Amino acid sequence: MSWAYVTTSEHNKEAKAEASLEASKFQGEMYEQSSRYRAISDTLSSFQFYGLKNVKYTNLEGDRYKPLPCTSKKQKIYPAFPAKLEEEDQKNLTQLGSIMSEIYSTGTVCLHNDQESEVGGWVVGRSVELNLEPDLTKLLATSRNYTLLAHIWESWRTNVARKIRPHYLQYVELKKQGRPAQRSLRMKYETETFEDDILELYKELDPLYRLVHAYVRKKLYNLYCSSEADILNNGCTSVGKWKMDQYRRADLPRYGTISKRGPLPGCILGDMWGRFWTNLYPRIVPYPDQPDIDVTQAMIDQNYNVTHMFRMANEFFTSMGMKPVVDSFWSKSMLERPEGRQVECHATAWDFYDGLDFRIRMCSTVNFEDFETIHHELGHIQYFMQYAHLPLIYRDGANDGFHEAVGELMAMSMSTPTHLAEIGLLKESPNSTETDINFLLRTALKTITTLPFHLVNDLWRWRAFRGDYKDGTWNKHYWDLKEEYLGVIAPVPRTKDDLDAPSIFHIVNDYDMIRYFTRTVLLFQFYEKLCEVAGHRGPLHKCDFYGSKEAGEILSKMLSLGASKPWWEVLEVMTGEKRMSARALLDYFKPLEEWLKEDNRKSGDGIGWGDSWRSLDDISAASSTDSSVLNLCVAIALFYSLSLLH
């Protein structure tokens with residue numbers, strides 16, 4: 001029923017709510033039943049133990065009551081279902097979820113007469129209501145009018161997030177009555193120290209993010225700050241158009257300003273949330289004279305359509321000896337926005353758990369970004385098909401990051417200049433340092449820049465759910481984290497009526513986002529291994545494993561395990577490693593890192609923002625001093641040890 005709701009929203013709202021309530025009742029009963037067995041065995045999660053004793057299911061061969069395999073490794077016990085709420089509370093929780101989802105999916109922004117010049121194709125002199133997809137998304141990706149971008153950014157949060165705020169606050173309180181909801185999301189990774197582990201892992205990645213941030217800031221400063229702009233605190237009021245008269249003069253350095261050493265306004269990063277910065281690439285490309293690796297125009301010139309894009313992506317998998325999509329995929333999926341009805345457009349892959357029905361819901365258009373997204377979503381479909389033979393409770397990724405990494409894995413390989421030349425979207429495979437840097441920067445804009453974004457969204461939720469924030473301070477803490485980790489601020493002042501986190505699909509619909517953080521780390525570990533198996537030689541970023549049956553075999557082996565083993569054992573099957581590691585990612589981007597450092601030193605940009613800003617020379621000097629002190633300490637300790645021996 002959820003599929004019917006998101007593809008024909010207005011007709012199935014009540015039916016979806018009823019189905020969600022029934023599912024919640026079942027989950028509550030499962031929680032109570034599984035809790036009885038928690039002390040019996042430490043080799044099964046409560047979900048698996050309950051399944052072993054009670055769950056009836058039909059596998060693909062029709063065998064019923066087939067025993068479920070135990071995992072060979074002892075696992076941490078965690079409840080697989082949320083704790084059962086009182087019936088009235090469960091109804092309220094379900095209703096709140098439906099209300100928030102509807103507000104989000106039907107949200108619009110009004111553009112007024114004085115903004116019409118930015119909106120091609122509409123009648124001048126008349127206000128228009130624009131949906132998130134495709135209209136607002138396109139404007140945020142392409143417009144350079146700061147006033148318009150700030151208006152869209154603020155209006156979406158006023159029309160969507162502000163309306164959701166009271167429902168979200170109630171939703172959180174109800175969720176907290178059951179099993180600590182956000183703890184359960186962390187426990188999917190089967191470690192009590194997951195939050196600390198992730199923060200420690202990010203320390204390794206933060207320097208690279210700050211280098212990319214500094215480069216983007218310099219380019220956007222040059223783009224938006226003209227000679228006519230007011231120079232203020234080493235910054236500028238963007239293009240001089242931003243209507244700052246509504247704010248106190250003292251607010252100018254904070255709002256509507258791009259500073260050479262400050263955080264970035266959230267409205268100019270290429271999408272509604274500043275999640276992916278890929279749309280900035282055409283404006284900040286390091287070497288614009290090199291062949292364009294965003295091949296949208298080539299796709300249009302070659303008469304690509306949405307169906308062809310999906311068939312090309314499907315062929316990527318089959319070239320590696322992996323499974324093609326089932327025939328019903330083509331007739332049952334929603335691959336483009338239908339005319340005449342409201343639908344949810346956020347791209348998602350669907351498993352109907354019968355081993356036969358797999359679908360994608362996406363409002364695709366012909367452009368390179370959507371072509372990459374199609375490869376990503378078909379990665380989920382491939383995972384579904386590969387573990388469809390397993391008992392129901394094991395039909396999932398080894399952890400949520402695995403599922404996301406597999407999709408992104410294919411999207412990254414297909415976007416290499418080598419592959420684009422292979423399929424005729426580039427005339428030839430460019431072979432120059434300049435093209436490599438362009439490609440690596442574009443890849444960084446959809447991977448490196450997402451790391452702190454996803455970290456902050458869930459870090460904020462974990463803390464909110466466990467009661468770390470006082471009433472009325474949630475949004476302030478949200479933006480404090482955004483500034484601390486991302487170097488991004490709200491482009492307009494926020495008020496006590498605002499709660500900006502639920503302006504994005506995942507938070508509105510209660511999906512964790514840390515999966516996208518772990519996805520990005522795992523992605524490069526997977527990529528490195530597949531390239532090795534495919535026989536690639538040379539820099540990792542030049543690898544394309546398209547057509548490698550050997551790479552397809554090892555990937556299929558990992559996918560077919562689903563969630564039947566602890567994630568670190570599944571990771572070991574694929575990579576030989578048992579830990580998430582930043583090493584492969586940092587190796588992949590090493591050429592870009594060196595180039596960014598050189599460019600940064602030439603421009604004197606430094607890295608960081610506000611009080612955390614430092615020049616690269618200062619950082620190098622401090623690092624050198626630290627190393628000298630460490631070496632001295634080691635020498636003294638060695639001398640002392642030798643003295644004792646004599």
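On a predicted model such as this, the values are computed, not experimentally measured, just so you know.

**Brief notes about the state of the cysteines**
- Going through the model one piece at a time under the given rule, you end up with two disulfides.
- Covalently, C345 is tied to C363 through a disulfide, its sulfur atoms 1.9 Å apart. Note on the C345 and C363 pair: the S-S dihedral is about -70 degrees, so by sign convention the disulfide is left-handed. In this pair, C345 sits in the loop between α12 (327–332) and β7 (348–351) while C363 sits in the loop between β8 (358–361) and α13 (368–386), placing the two residues 18 residues apart along the sequence. Residues C345 and C363 agree in their burial class; the two are buried.
- Across the disulfide from C531 sits C543; the S-S distance is 2.1 Å.

**Focus: the packing of helix α8 (residues 194–224) against helix α24 (residues 590–603)**
- Two elements in contact, α8 and α24, have axes whose closest approach is 10 Å; the angle formed by their N-to-C orientations is 50 degrees. It follows from the interaxial angle that α8 and α24 lie oblique. Relative to α24, the crossing made by α8 is left-handed. From α8, L208, L211, V212, A214, Y215 and K218 reach across to α24, where they touch E593, W595, L596, K597, D599, N600 and S603.
- Tallied by class, the residues present in the contact of α8 with α24 amount to seven nonpolar, two polar and four charged.

**Digging into α13**
- Relative to the 27 Å expected for 19 residues at 1.5 Å per residue, α13 spans 27 Å between its end C-alpha atoms, a close match to the ideal helical length.
- In terms of burial, α13 is largely enclosed, as 17 of its 19 residues are buried.
- For α13, the N-terminal cap is N367; the gap from its side-chain oxygen to the backbone nitrogen of E369 is 3.1 Å.

**Comments concerning the pattern of salt bridges**
- In this structure the tally under the stated criterion is 33 salt bridges.
- Where D357 meets K332, a salt bridge forms, and the shortest distance between an N and an O atom there is 3.7 Å. Of this pair, D357 sits in the loop between β7 and β8 while K332 sits in helix α12, placing them 25 residues apart in sequence.
- The buried category is assigned to D357, whose relative accessible area is 6%.
- On the basis of relative accessibility, which here comes to 38%, the residue K332 falls in the partly exposed class.
- Residue R466 is joined to D468 by a salt bridge in which the shortest nitrogen-to-oxygen separation is 3.0 Å.
- On the basis of relative accessible area, R466 is assigned to the partly exposed category, the value being 42%.

**Observations regarding the packing of aromatic side chains**
- Enumeration over the complete set of coordinates arrives at 32 aromatic pairs.
- Taking 6.2 Å as the distance between ring centres and 55 degrees as the angle between the ring planes, the aromatic pair formed by Y202 and F517 counts as tilted. Residue Y202 is located in helix α8, and its partner F517 is located in helix α20 (residues 514–533); the two are separated by 315 residues in the primary sequence.
- According to the relative accessible area criterion, Y202 is buried, its value standing at 4%.
- Its relative accessible area of 0% is what places F517 among the buried residues.
- Clustering of aromatic rings is evident, with ring pairs tying together F316, F524, Y527, F545, Y546, Y588 and F589.

Calculation criteria
- Residues numbered from 1 in each chain as written.
- Predicted model: local features only at pLDDT ≥ 70, side-chain atom pairs only at ≥ 80, totals over all residues.
- Heavy atoms only, no water.
- Disulfide = S-S within 2.5 Å.
- Helix = DSSP H or I, 4+ residues; strand = E, 2+ residues; numbered from the N terminus.
- Buried < 20%, exposed > 50% of the residue type's maximum accessible area, 1.4 Å probe, protein only.
- Axes fitted to C-alpha atoms, helices over the stretch in contact; angles between N-to-C directions.
- Parallel < 35°, antiparallel > 145°, perpendicular 65-115°, else oblique.
- Left-handed = near helix turned anticlockwise from the far one by under 90°.
- Contact = heavy atoms within 4.5 Å.
- Nonpolar A, V, L, I, M, F, W, Y, C, P; charged D, E, K, R; others polar.
- Expected span 1.5 Å × (residues − 1).
- Polar contact = N/O pair within 3.5 Å; in protein donor to acceptor, adjacent residues only side chain to side chain.
- Salt bridge = Lys/Arg side-chain N within 4 Å of Asp/Glu carboxyl O.
- Phe/Tyr/Trp six-rings, centres within 6.5 Å; stacked < 30°, edge-to-face > 60°.

Keep in mind these values describe shape, not function.
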